[in-house]
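# Results of the structural survey
Each chain, written out:
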Amino acid sequence: MKKKFITMLVLLMSLGLSFNSCSDNDDDPVEIKAELTVTPETLQFSALGGNDKIIVSTKLNSWTFTADPAETWCTATKANDTLKIEVGEFSEKTDRTAKIKVTSGNENKEITVIQKGVSTELSPETKEVTLNGFGTAIQIKITATDENWEAVADENSPWLRPSKEGEYLVIRATLTESDRNGTILLSLNDAKTTVTVNQTGASFNVGDLYLGEDGTAVGVIINKDEANNNIYIISTEERQIPFTNGTDKEVYIRTDKKDGKKALEILKAEENYKEKYTIATYCEEIEEKTKINGWYIAAGYEDEVWNALNKNKDVINNALKSSGNQEFGSSMDSHQEFWTSTPSFSPGDTYATSITMRQLDFSKYAWRMPSYNYIARCVLRIEYINE
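Below, the structure is looked at part by part. (Residues numbered from 1 in each chain as written. Predicted model: local features only at pLDDT ≥ 70, side-chain atom pairs only at ≥ 80, totals over all residues. Heavy atoms only, no water.)

## Overview of the pattern of salt bridges
This model, assessed by the stated rule, comprises twelve salt bridges. The salt bridge involving Lys313 is made with Asp314; its shortest N-O contact spans 3.3 Å. With relative accessibility at 53%, the residue Asp314 sits in the exposed group. Each of Glu237, Arg239, Glu285 and Lys289 takes part in a single network of salt bridges with overlapping partners. (Salt bridge = Lys/Arg side-chain N within 4 Å of Asp/Glu carboxyl O. Buried < 20%, exposed > 50% of the residue type's maximum accessible area, 1.4 Å probe, protein only.)

Structural data, given as structure tokens:
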């Protein structure tokens, strides 16, 4: 009997333990999952940098993030349910990456931030242009990563004259009577591209107008020197500049009697030439106005100019008149006296009136009236190609 009682007691105790165990499990708190999401999980920035945001969603009340302290270029800031990302400017070519870990409860999400390396951009607004026979300049806009791009004519196009003016490529060429084409090479770092240039040949005849970049007449062809392949052009603009006198007798050895371009270079090599030589300054004004370099005052014995003016006066005047510019006088005699870059030694020398506003010995030039105005017209000598 006693043995049965003990057995029954053990069974009752076992049942009690079982009931207590079930009761304990019912009282445990239920775990809530965060169901953490980040949107988007990847951000990408250009080399210029910028800012963006990640939306963080969780069923829990809080979340945290951890960024790699070594990636200082990427800054993360928490604001409510948003993670703001800011990236600085990047100057390297290779992409860089930063990782950010977002945690909520027992869940983690990883955000990847990528910044692209510098990509070199070099793009002309057009890949092909056409020039007239005079090689009158045109310009095209260049879109580039930075301003250090370069432009050169390829080795087979030495007649092309590319240059930079700000964000523009300016393309000029020498004169030609034949059609031709060439290539300009553009480069910036490892980026390279080309511009094809087609030039239409033209016939250069005495009396033809020479056009500037804006299409207006800036000169008239007065001579086509086929022996030397030179075209001589006189400016459409005329200016009356008074004679001056002074006391410099050494000026004669510093000039060139037959080449006004060389004479002008000699004068411009002197100190304060702009104050001493008004004519030299006048040529610079014409260059700035026409955007064409190389204008000069003809030398006193530069026959290619003066003989052409005498011989072709009527044709030249017709061209000047048709373009609305001042014609030459009715005669090319001593009363039509021009400034030259050569001093005169004799009153009988029709055109060589004086050095370009240089102070002269008045006693040697007493026959010149100091108050008299002399004609100033600039000359342009251009080599042309006849292929």
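## A few points about the packing of aromatic side chains
What the rule picks out here adds up to two aromatic pairs. With centroids separated by 5.0 Å and ring planes inclined at 70 degrees, the aromatic side chains of Phe134 and Tyr210 adopt a geometry described as edge-to-face. Residue Phe134 is found in the loop between strand S10 (128-131) and strand S11 (138-144), and its partner Tyr210 is found in strand S18 (residues 209-211); the two are separated by 76 residues along the sequence. The same class applies to Phe134 and to Tyr210, which are both buried. Ring pairs connect the aromatic residues Phe134, Phe204 and Tyr210, which therefore count as one cluster. Between Lys78 and the ring centre of Trp63, over which it is positioned, the NZ or CZ distance is 4.4 Å. (Phe/Tyr/Trp six-rings, centres within 6.5 Å; stacked < 30°, edge-to-face > 60°. Helix = DSSP H or I, 4+ residues; strand = E, 2+ residues; numbered from the N terminus. Lys NZ or Arg CZ within 6 Å of the ring centre and 35° of its normal.)

## Some words on the sheet that holds S10
Strands sit in the order S10-S17-S16-S12 across an open sheet of four strands; the sheet is mixed. Sheet topology places S10 and strand S12 (150-153) at the edges, where each strand pairs with a single neighbour. Averaged over all adjacent pairs, the angle separating strand axes in this sheet is 25 degrees, with direction ignored. Looking at chain direction, S12 and strand S16 (residues 180-188) are connected through four bridges and run antiparallel. Residue pairing in the sheet places Glu150 in a bridge with Ser187 of S16. (Pairing = 2+ DSSP bridges. Axes fitted to C-alpha atoms, helices over the stretch in contact; angles between N-to-C directions.)

## Side note on the layout of surface pockets
Each pocket or cavity is described by its volume, and for the largest pocket that value is around 460 Å³. Lining the largest pocket are 23 residues, and of these Arg172, Ala173, Ile292, Asn293 and Ile382 sit closest to its centre. Looking at the lining of the largest pocket, the elements with two or more residues in it are strand S14 (168-173), S18 and strand S23 (379-385). If one sorts the elements of the lining of the largest pocket by residue count, S23 sits on top with five residues. Grouping the constituent residues of the lining of the largest pocket by class yields ten nonpolar, six polar and seven charged. In this structure, the second largest pocket occupies an estimated 220 Å³ of space. Taken together, 14 residues line the second largest pocket, and the ones lying closest to its centre are Asp214, Thr216, Val218, Lys289 and Thr290. (1 Å grid on protein atoms, 1.4 Å probe; cavity = no way out; pocket = protein on both sides within 12 Å on 5 of 7 lines; lining within 4 Å. Points joined across faces, edges and corners; volume = space filled by probe spheres on them. Nonpolar A, V, L, I, M, F, W, Y, C, P; charged D, E, K, R; others polar.)

## Regarding empty space enclosed by the protein
Per the counting criterion, the structure on display carries two cavities of 30 Å³ or more. Within this model, the largest cavity holds a volume of roughly 40 Å³. Every residue along the wall of the largest cavity is listed here: Ile234, Ala298, Trp306, Leu309, Phe338, Trp339, Arg377 and Val379. In terms of residue class, the lining of the largest cavity is made up of seven nonpolar, no polar and one charged. If you add up the space inside the second largest cavity, you get close to 30 Å³. Lining the second largest cavity are Ala67, Asp68, Glu71, Cys74, Ala98, Lys99 and Ile100.

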